[in-house]
Amino acid sequence: MNFDDLIQGFPDLTTTGLAQGSIYALVALGYTLVYGVLRLINFAHSEVFMYGTFAALWTWGLMGYDSNSARPDLGTALLLIVVSLVVASLFSGGVAMVVEAVAYRPLRKRNAPPLVFLISAIGASFVLAELMGAFTERRQQGIPGLLPTEPLFSAGGWTVYPLQLMTFVVALAVMFGLDWFVSKTRFGRGIRAVAQDADTAALMGVNKGRVIGLVFLLGGLLAGVAAVFYSMKQGNTRFNVGFLIGLKAFSAAVLGGIGNLRGALVGGLLLGLVEAYGAALFGSNWTNVIAFVVLLVLLMFRPTGLLGESLGRARA
Amino acid sequence: MTTETVKKQRWKLNLRDRFQDLPLPARITAMAVFVVLLYLLPTKAFYENLGFPIPMGSGYLPFYTTGSDMAGVLFQCGYYILLALGLNVVLGYAGLLDLGFFGFFAVGAYTVALLTSPESKLITEYNWFESPWPWLVTVPIAIALAMLSGVLLGWPTLRLRGDYLAIVTLGFAEIIRIVAKNQDWILNGDRGIPSVGHPPGTYSNGEAIFELDFAPYYWLVLTVIIVVIFLIRNLANSRVGRAWVAIREDEDAAELMGVPTFKFKLWAFAIGAAIGGLSGSLWAGQANFVNSATFSLENSILVLAAVLLGGAGSIGGAILGGFLVIYLPEWLRSVGDVFGWPTQVTVGGIHIDVSPTSLRFVIFGALLIVVMIYRPQGLWPNRRRAAELKDRQKEVAPVE
């Protein structure tokens, strides 16, 4: 137990935690959206995220930046990030929709029980991860450094780096966008209707198949955004990076109440903070244990997560 | 045409009935022959002749894994089959989704390692006892501790349902792994525990039976599997088994009918955990060296895939599934030469390794998807579950 580190580093730990938590939250939203609508743990979502990191890497590679390039100036960096955000989200979204069409839709048509979906998802996850593994020779690949590494500002022991601020701001913006989309638009109403009662929604004229496709697409888009920031933070990527992030993000979704969009945000940020504080307190080796212990304890007292399950009930 | 398909289907359905209809002595003889064949399996002269000719490539499709030691693969299949049997109790009978089943395997393996290794810290630092214990004595302790950890995990968490239970058990397995990886006081972190004890026994010339050769370990695990099958079968056909089925099909209804659901769920957890611990102790007896790297979450997921691939709730299914998840990727490693499969293709200047070794999990994953689409009840289903699934398929609303 190292309380000194915790107290002295508290502001910094908070920023680190929030930045990491934003990434978790973005991925967690993918789990929560699918779970809210289909009551299905989309095990392959972690691989959707992983494909996003490679899409970002390849985009930068095509634009002439690899891990050995010099850091570009700020304008170029922003351009690179914006382009990679677009490409990675579209790529991840596409992969998510392919997974849905290949691994889930045939099962839905046969009204298979949830466990069968789970195994199919595990199969899809193996296929995606190992295909990328074969394609990249299972090697770790470096990500170019883009944003300046000098602190954005630093005052009284509190430093904020550009990447952290950008991650947090973009993630929040994307999440508010999603919240708006789900609560205000026609498509969002469809999603909520299917989440509440799929068969009744279908009777009311909602195209269930299209809504489900849309949900996977949205989850993939968000995972792509998360992937760009994750790779910039991590500095490298590999065909198996999805697993741990997926696990954490799923935990975050459960923490906040799976199926609940705001729950995913709260859960993700909370998990990021808990990990950052816990790492300072007990040493960084124990980060994952702390995250899971907090989750277990919380589930014992609030079995449906902090905010409860409620994609269907989220009213405009 | 239609009558033909009907006939074919009826024949398929009757395969199991036909076997059941045989007179008892015939059935026992058939099973005995099968078991003897299983014991013969790691013998080189026997497995090398298993296979069949095919009209392509090298012309002969061998059954054995030419790329790796057959007895070793069989032993690995053996402890995965045990794990699958254990998870089958939890998931197939009681319907509890446990994603961290490998945690109990870890508990069993570490117990054996700590008690039988002369370099265990219990001896070198804490002086709990003078010399390492024999392997055989530690197995019941490993089973008991795994069972205890099952109860300890189940007690607070079995009140959760479905997917929440899944994430909690997942967390449990991950916590065990990270604790094993990080702490230095007992389990020695990543460096692990070396010189773990082997099962006892020597040949007549004084050489130990359980050394480097995998075949004796396979025979041991096969024997254990047969014993476990009998225990589980009896359990499943008893009052306890009926309670599990009731809980799986409708927990609330079971509770209303007077089944103490919590108690039986806890029992399912404990029994499943005990079998997992047993599997871990068998593995540790062979492995010689135990560290945290073995207990990654992927293994838990592989066991889960084994149970559902074979058919949840069915002992035969668990065995088939446990065998396939290990054997198939290993076998795929070696079939490339047979079909004349290319090992590398070049797309736009990038060389991609497409050898079966590299793609074996892609093939395995695709197979999982295909089986789940066309045979969701599993390859060797439990009858009741298969019937439940058929009903569900009929209920599907044609809304898309």
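This is a predicted model, so every value here is computed, not measured.

Engineer: Before we go on, may I ask you to explain helix H7 (residues 135-157) of chain B in this structure?
Structural biologist: A turn of α-helix holds 3.6 residues, and therefore any two residues three or four places apart point the same way. Helix length check: H7(B) (23 residues) gives 32 Å between terminal C-alpha atoms against 33 Å at 1.5 Å per residue, within 8%. Within H7(B) the residues assigned to the buried category are B:Trp135, B:Thr138, B:Val139, B:Ala142, B:Ala146, B:Ser149, B:Gly150, B:Leu153, B:Gly154 and B:Thr157.

Engineer: Got a minute to help me understand the interface of chain B and chain A in this structure?
Structural biologist: Many structure descriptions define interface size as the accessible area lost when the parts assemble. Counting from both sides, the interface comprises 50 residues of chain B and, opposite them, 52 residues of chain A. Buried area between chain B and chain A, summed over both chains or domains, comes out near 4600 Å², and the portion from carbon and sulfur atoms is 77%. Counting every contact that joins chain B to chain A gives zero salt bridges. Our enumeration of links across chain B and chain A arrives at two residue pairs in polar contact (both at pLDDT 80 or more).

Engineer: Sorry, what's going on with the layout of surface pockets here?
Structural biologist: It is a probe the size of a water molecule, rolled over the atoms, that shows where empty space is left. Residue and element names in this part refer to chain B. In this structure, the largest pocket encloses a volume near 2200 Å³. Surrounding the largest pocket, 45 residues form its lining, Met31, Ile315, Gly316, Ile319 and Trp380 being those nearest its centre. Within the residue set of the lining of the largest pocket, elements represented by two or more residues are helix H1 (2-21), helix H2 (24-40), helix H4 (70-93), helix H9 (215-236), helix H10 (239-249), helix H14 (315-339) and helix H16 (383-395). Split by residue class, the lining of the largest pocket holds 30 nonpolar, eight polar and seven charged.

Engineer: Before we go on, may I ask you to explain the packing of aromatic side chains in this structure?
Structural biologist: Here the distance between the centres and the angle between the planes together describe a pair of aromatic rings. Summed over all chains, the structure comprises 32 aromatic pairs over all chains. Between A:Trp58 and A:Phe135, the aromatic rings sit 5.9 Å apart at their centres with planes inclined by 80°, giving edge-to-face as the arrangement. With A:Trp58 in helix H3 (residues 45-62) and A:Phe135 in helix H5 (residues 114-135), this residue pair connects regions lying 77 residues apart in the sequence. On the accessibility criterion, A:Phe135 (29% relative accessible area) is partly exposed. Consider the rings of B:Trp155 and B:Phe262, whose centres lie 5.5 Å apart with planes at 75°: the pair is edge-to-face. One end of the pair, B:Trp155, is in helix H7; the other, B:Phe262, is in helix H12 (residues 261-287), with 107 residues separating them in the sequence. Over the aromatic face of A:Phe239 sits the side chain of A:Arg138, whose NZ or CZ is 5.3 Å from the ring centroid. In this structure, B:Lys263 is placed above the aromatic ring of B:Phe264, and the distance from its NZ or CZ to the ring centre is 5.3 Å.

Engineer: Would you explain the UniProt feature "transmembrane region" (unreviewed entry) in chain B in this entry?
Structural biologist: Residue and element names in this part refer to chain B. Taking the numbering used here, the UniProt-annotated feature "transmembrane region" (unreviewed entry) corresponds to residues 21-41, 61-83, 90-113, 133-155, 217-236, 266-289, 301-328 and 358-375. Each end of residues 21-41 is marked by a C-alpha atom, and these two atoms are 28 Å apart; helix forms 86% of the span and strand 0%. With 86% helix and 0% strand, the stretch residues 301-328 has end C-alpha atoms that lie 16 Å from each other.

Engineer: Please clarify how the domain arrangement of chain B should be interpreted in this entry.
Structural biologist: All names here are of chain B. Under the domain assignment, chain B is made up of domain 1 (1-40) and domain 2 (41-394). Spacing between the C-alpha centres of domain 1 and domain 2 amounts to 27 Å. Every contact between the two is made by seven residues of domain 1 and, on the other side, twelve residues of domain 2. For the domain 1 and domain 2 pair, buried surface summed over both sides reaches about 850 Å², with 49% attributable to carbon and sulfur atoms. Where domain 1 meets domain 2, there are zero salt bridges. Scanning the region where domain 1 abuts domain 2 turns up six residue pairs in polar contact (both at pLDDT 80 or more). Looking at the side of domain 1 that touches domain 2, the elements with two or more residues in it are H1 and H2. Grouping the constituent residues of the side of domain 1 that touches domain 2 by class yields five nonpolar, no polar and two charged.

Engineer: I'm lost on the pattern of salt bridges in this one. Help?
Structural biologist: Oppositely charged side chains may form a pair once their charged atoms are brought near each other. All names here are of chain A. One pass over the structure, following the stated rule, counts ten salt bridges over all chains. For Lys248, the salt bridge goes to Glu275, with nearest N and O atoms at 3.1 Å. Residue Lys248 is located in helix H10 (residues 242-256), and its partner Glu275 is located in helix H11 (residues 261-282); the two are separated by 27 residues in the primary sequence. No difference in accessibility class separates Lys248 from Glu275, as the two residues are buried.

Engineer: Whenever I open this one, the UniProt feature "transmembrane region" (unreviewed entry) in chain A confuses me. Can you help?
Structural biologist: All names here are of chain A. According to UniProt, the "transmembrane region" (unreviewed entry) feature falls on residues 23-41, 48-65, 77-103, 115-135, 155-182, 211-232 and 289-308. Overall, residues 23-41 shows 84% helix and 0% strand. The separation of its end C-alpha atoms is 19 Å. Helix makes up 75% of residues 155-182 and strand 14%. Its end C-alpha atoms lie 39 Å apart.

Engineer: Help me understand empty space enclosed by the protein in this model?
Structural biologist: One pass over the full model with this rule turns up one cavity of 30 Å³ or more. The calculated volume of the largest cavity comes to roughly 120 Å³. Every residue lining the largest cavity is listed: A:Tyr31, A:Ile41, A:Asn42, A:Phe43, A:Ser46, A:Phe243, A:Gly246, A:Leu247, A:Phe250, B:Leu170 and B:Ile301. Sort the elements by how many residues they give to the lining of the largest cavity and H10(A) lands first, with four residues.

Reading the values: rules and limits
- Residues numbered from 1 in each chain as written.
- Chains lettered and ligands numbered in written order.
- Predicted model: local features only at pLDDT ≥ 70, side-chain atom pairs only at ≥ 80, totals over all residues.
- Heavy atoms only, no water.
- Helix = DSSP H or I, 4+ residues; strand = E, 2+ residues; numbered from the N terminus.
- Expected span 1.5 Å × (residues − 1).
- Buried < 20%, exposed > 50% of the residue type's maximum accessible area, 1.4 Å probe, protein only.
- Contact = heavy atoms within 4.5 Å.
- Buried area = accessible area lost by both parts, 1.4 Å probe.
- Salt bridge = Lys/Arg side-chain N within 4 Å of Asp/Glu carboxyl O.
- Polar contact = N/O pair within 3.5 Å; in protein donor to acceptor, adjacent residues only side chain to side chain.
- 1 Å grid on protein atoms, 1.4 Å probe; cavity = no way out; pocket = protein on both sides within 12 Å on 5 of 7 lines; lining within 4 Å.
- Points joined across faces, edges and corners; volume = space filled by probe spheres on them.
- Nonpolar A, V, L, I, M, F, W, Y, C, P; charged D, E, K, R; others polar.
- Phe/Tyr/Trp six-rings, centres within 6.5 Å; stacked < 30°, edge-to-face > 60°.
- Lys NZ or Arg CZ within 6 Å of the ring centre and 35° of its normal.
- UniProt positions renumbered as here; feature names shortened; annotations may be inferred.
- Domains from an automatic or database assignment.

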